[in-house]
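Listed here are the chains, written in short residue letters.
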Amino acid sequence: MVYRVSGARSVFLSLLFVLYIPSFAMPQEPSNDAIERRIDALLGQMTVEEKAGQLTLLDGINPRIPDLVKQGLAGSIINAYGAERANSIQRIAMEQSRLKIPLIFGYDVIHGYRTIFPLPLASAGSFDPEMIERSERVAAKESTAAGVKWVFAPMVDIARDPRWGRIVEGAGEDPYLGSVVAVARVRGFQGDSMADPQSVVACVKHFAAYGAAEGGRDYNTVDISEQLLREVYLSPFHAAVSAGVGTLMSAFNDLNGVPATANRHLLTGILRDEWKFDGLVVSDYDAVRELIDHGVAGDRPEAALKAITAGTDVDMVDGVYASLPQLVQSGKLPMSVLDEAVRRVLRVKIRAGLFEHPYADPSREKTDLLTAENRQVSRQMAQESIVLLKNEGNLLPLDRHVKSLAVIGPLADDKATQLGSWAAQGQAKDAITPLEGIRSKTGNTPIFFAEGVTLDSLVPRKEATTILAAPAPSTAVGAPGISVNRGPTSIRDAVNAAKKADVAVLVLGEPANMTGEASSRATFDFPGEQQELLQAIVAVGKPVVLVLESGRPLDIRWANDHVPAIIQAWYLGTEAGNALADVLFGEVSPSARLPLSWPRFVGQVPVYYNHKSTGRPTSADRWHTGYQYESMEPLFPFGYGLTYTTFKYSNLKILTPTVSPTGRLRVTADIQNAGERPAVEVVQLYVHDRVAPTSRPVRELKGFTRVALAPGESKTVEFSVRANDLGSYDPDMHWIVPSGTYDVWVAPNAITGIPGTFQMLGH
Ligand code: BGC
C-alpha cells in the first residue's frame, strides 16, 4: 500500500508510525510444537512434588508462600495484587526455586480493577460487544499494571432466577446474548495475544450451570436435562472456548448428581474431547475439599483423586493436591494423568509469555490506573448500561435549568453503593454519586437532599455497619446550593425536601452487599422502609423520577402504577453519577435493554422469555399453564428498554424464504426514528422452529444490532444468520437443523415485533 502525503502532514504521519511500532511488534505466542517440546523438557526434570506444586494455587494470605514457592510447591497465587508484591514473590520462584518456573498471579477482576465499570449484568444490557470489549481492555491494562496476569472472569453463567445473588455477575438469561458478551469480554481481556504485557489470561466460570441452582440458593444443587445444559447453560462457555479463552473455572455445584469439580463428563467429555480445549481448568475456592461435604469423597486424598481424574487441573487454595504424590506412589493415580494436568498449566504460562516476562513493570502501576481516559470509557459504558423502564408524559429528560430539585434516598449519595459488589481495587472515594453527578450538571440550581431512611437500616444483618461504612463525601457536604440533611434522617425530612422542589429524583434499591456471592434473597421487596419512603414522596404530588440501583429486578408493581419515570441503573461503577446525570438531563438518550425478564413478583420465578410452549399454552382459559389469579407475564420482557424517542419498525423482508441447512437466513427491516431526539435502538432478531423432535422455546434470540438514528432518519437493518445456528439437539443429543416452517421476528423486545416466516429445507 502506498501512502501519498506531503509537507508537514507527512512528518506528522511518520511520527505516528514510529509511535505505533510497538503495537505492531506484538509479542508472539510460540508455535504449538515449540511449546510442547518445551513442556516435555520441563516435565522430564520435575519431581512428582514439583508437578503437584504446579497444580497448587495459594491464597495471598497464606503465610507459607515464600517457603512453598522456593520449594516449587506452588504454581499460582490469588489475591497477591500490587506490582511490587507480586514481583517480590515471583523473584523467589525465578531466583530461588530449582526449576525457575514462573508463577501466575490471579485475581477476581469482575468489573474493572481500579476503574470500576458497571456490574456485568448491567453492561450486558448495552447489547454493545465493542464497548464491552473496550472496557475489559482497560481492566486488563490496569490489572497487568498491578501484577495480575490472570483474571477470574468473565462469569458467563446463564441465570433465570434473580433470587440468586450472583445473577449480577453474568449476562442474564439468554444464551445468545450471553455468548456474544462472553466472547467480547474474553477478547478484551486477552487482546490479540495473552503474551502482550497489557493482556491477561481470562478464566470463564463457573463450569457449569451454577446459575441454575435450585431455589436461587447459592451453591445449591443443579439437576437439569442434558439438552437444557447444552442448549442454554453451556452456550457461552462453548463460545468462549472457540474464541480462545485460556482457562476455565469449575463450578461449586453438583450437576445431575456429580459435583462439577469431579464431573468427568463435563470437564473431559465435553470440554476436552468435544470442544478440544487445551488450556487449564482451575477449581473454585476450596471446591476440591468440598467434594467431602458433597459426600462423593471420604477424605482429602480421595477428593484429590476424583478432581484430577475428572479434569480439574489446578486446586484453588485448599491444599488438597498435596496428596497427589502419595496417590501416584500408591499406584492409584497414573503419572500420565498428573503429567497431562501439569502440561496444561505450563502451556498457559508459556502462552502468557511468563517465562520471558515474569515481572510486572512497577512504573505502570503509577501511571496506568484510574486515568482520565479509563474513567471516560467507564462513563460511556455506564451511559450505555442504563435502562429506561417507564417515561410517562415524557417527564425525562429533565431540563437542566429546572428551578429546583430534590434528590432523595439512602443510595443517592453513597459512594460505595455505586461500585456495586466485588469491585476489586475500586475505591469508594473515587466514585461519583447520583447527587454529585446531578450537582455538576445543574450548576447553581438549589438541590434539596435527604436520605429519608439510612443505609444501615436497609440491611438486617449485624455486619451492616462495617460492610456499608462509607465516609460522607466531603465534596457534597456544604457544596454551593446543596442542602444536606445528614445524621438522623427521616421520611419526614425527605417529604419536606420534595415539597420545596419542582421535581424529585429518588434513588432507591439494594445496598451492594445484598447482591453477589452468598447473597440470595427470598423476596424482591425494597429493603428497609424504602417502599414507605417512595409512597410518602409520591403523595407530595410533585413529578417523581425513580432511579433503581440494585443487582436484581425488584418488585416495583406499586411504583410502576404510581411513578411516571423509572430508570434501572444497576450499579454503574466509578462514573455512576456522571453517567446517570448525562441520561437524566438528556445529553445521552438511554439505550440499554433488560438482559433478563423482569418478574412481577417473586412467585413467578423462574420467568424467562425463551420458555417452551407446553401442551396448554398460556391463555385466558383457566386450564392452561399459568397462575389462577395472577399474570404469568413478566412486568417487563427480556430485551425491553425505552429511549427518548420512538422507533417505527416496518417492511420486514425475508430475503431467503427458503433456507438450506448449510446456508444462511437473511432478513431485513426498516427502522425509523419517529421522534425528536437522536437515539440508539437495539434491534433484535428472534426465531422459532414450529415443529422439531424436541419442544422448542417460543422464541430464541439469534441476532441484534445497535442502530443510531437522528430524528426522522430511517435505516435498513440486515441480519444474516447461519442456518446451523438455528438448530437444536435431538433427544439423542445430536445437533440437527430440522426442516419445515420457522417463525421470525424483527423486534424491539422479546414479546413484540414484526413477524414473518421461512422454510428450512431438508438435508
Ligand atoms: C467464587 C469465584 C471466585 C473465587 C476466588 C469463589 O468464592 O465462586 O467466582 O473466582 O471465589 O475468589
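Preceding this paragraph is the structure being described.
Residues numbered from 1 in each chain as written. Predicted model: local features only at pLDDT ≥ 70, side-chain atom pairs only at ≥ 80, totals over all residues. Heavy atoms only, no water.

Novice: Can you walk me through the environment of Leu229 in this structure?
Specialist: Inspection of the secondary structure assignment puts Leu229 in helix α9 (residues 226-233). Residue classification places Leu229 among the buried residues on the basis of a relative accessible area of 1%. Taking the C-alpha atoms as reference, Leu229 lies 35 Å from Gly60; in sequence the two are 169 residues apart. The residues touching Leu229, leaving out its near neighbours within four places in the chain, are Ala208, Ala209, Ile224, Leu234 and Leu255. (Helix = DSSP H or I, 4+ residues; strand = E, 2+ residues; numbered from the N terminus. Buried < 20%, exposed > 50% of the residue type's maximum accessible area, 1.4 Å probe, protein only. Contact = heavy atoms within 4.5 Å.)

Novice: How do you make sense of the sheet that holds strand β9 (residues 280-282) when you look at a structure like this?
Specialist: Hydrogen bonds between backbone atoms are what pair the strands of a sheet, whose relative direction is either parallel or antiparallel. The sheet built from three strands is open, its strands ordered β5-β6-β9 with parallel pairing. Where the open sheet ends on each side, the last strands, each with one partner, are β5 (203-207) and β9. Neighbouring strand axes in the sheet, compared pairwise and without regard to direction, differ in orientation by 30 degrees on average. Pairing analysis gives three bridges linking strand β6 (residues 247-250) to β9, with the strands arranged parallel. (Pairing = 2+ DSSP bridges. Axes fitted to C-alpha atoms, helices over the stretch in contact; angles between N-to-C directions.)

Novice: Sorry if this is basic, but what is going on with helix α7 (residues 129-145) here?
Specialist: Along an α-helix, a turn takes 3.6 residues, which lines up residues three or four apart on a common side. With 17 residues, α7 should reach 24 Å at 1.5 Å per residue; the first-to-last C-alpha distance of 24 Å fits that figure. Among the 17 residues that make up α7, twelve are buried, leaving the element largely enclosed by the rest of the structure. Of the surrounding secondary structure, the elements contacted by the buried residues of α7 are α5 (83-96), α6 (120-124), β4 (150-151), α8 (175-190), α16 (362-367) and α17 (372-383). (Expected span 1.5 Å × (residues − 1).)

Novice: How do you make sense of the environment of Lys441 when you look at a structure like this?
Specialist: Within the secondary structure, Lys441 is located in helix α19 (residues 434-442). Sequence separation of Lys441 and Phe585 is 144 residues, and the distance between their C-alpha atoms is 8.0 Å. In contact with Lys441, not counting residues within four places along its chain, are Arg379, Arg400, Ala581, Asp582, Phe585 and Glu587.

Novice: Any chance you could explain helix α11 (residues 264-274) here in plain terms?
Specialist: Buried within α11 are the following residues: Leu266, Leu267, Thr268, Ile270, Leu271 and Arg272. One side-chain oxygen at the N-terminal end of α11 lies 3.3 Å from the backbone nitrogen of His265; it belongs to Asn263. Lys276 occupies a position one or two residues after α11 and carries a positive phi of about 65 degrees. (Polar contact = N/O pair within 3.5 Å; in protein donor to acceptor, adjacent residues only side chain to side chain.)

Novice: Looking at this structure, I do not really get the pattern of salt bridges. What am I missing?
Specialist: Two side chains that carry opposite charge are able to pair once their charged atoms sit near each other. Summed over all chains, the structure comprises 41 salt bridges. A salt bridge links Glu356 to Arg38, with the nearest nitrogen and oxygen atoms 3.1 Å apart. One end of the pair, Glu356, is in the loop between α15 (335-351) and α16; the other, Arg38, is in helix α2 (residues 32-45), and 318 residues separate them in sequence. Residue classification places Glu356 among the partly exposed residues on the basis of a relative accessible area of 45%. Arg38 sits in the partly exposed class, given a relative accessible area of 29%. Several salt bridges converge on common partners, so that one network encompasses Arg379, Arg400, Lys441, Asp582 and Glu587. (Salt bridge = Lys/Arg side-chain N within 4 Å of Asp/Glu carboxyl O.)

Novice: Help me understand the site of the ligand, please; the structure alone is not making it clear to me.
Specialist: In the vicinity of the ligand there are 13 residues, among which Asp108, Arg166, Lys205, His206 and Asp284 approach most closely. Note that an oxygen atom of the ligand is positioned 2.8 Å from one of the side-chain N or O atoms of Lys205. The separation between an oxygen atom of the ligand and a polar side-chain atom of Glu517 is 2.8 Å. In isolation the ligand offers 310 Å² of accessible surface; the protein chains occlude 92% of this area. Residues of the shell around the ligand, tallied by class, amount to seven nonpolar, one polar and five charged. (Near = heavy atom within 4 Å. Areas by Shrake-Rupley, 256 points an atom, 1.4 Å probe, with all protein chains shown as cover. Nonpolar A, V, L, I, M, F, W, Y, C, P; charged D, E, K, R; others polar.)

Novice: It is not clear to me how unusual backbone geometry should be interpreted in this structure. Could you clarify?
Specialist: Excluding glycine, residues mostly carry a negative phi; peptide bonds, for their part, are mostly trans. Here Lys205 and His206 are connected by a cis peptide whose omega angle stands at 0 degrees. Within the element layout of this structure, His206 appears in strand β5. Residue Ala208 is reached from Phe207 by a cis peptide bond, and omega for that bond is 5 degrees. Secondary-structure assignment places Ala208 in the loop between β5 and α9. One non-glycine residue, Ala424, adopts positive backbone phi at about 40 degrees. Mapped onto the secondary structure, Ala424 falls in the loop between α18 (415-419) and α19. Although it is not a glycine, Trp570 sits at a positive phi angle of roughly 50 degrees.

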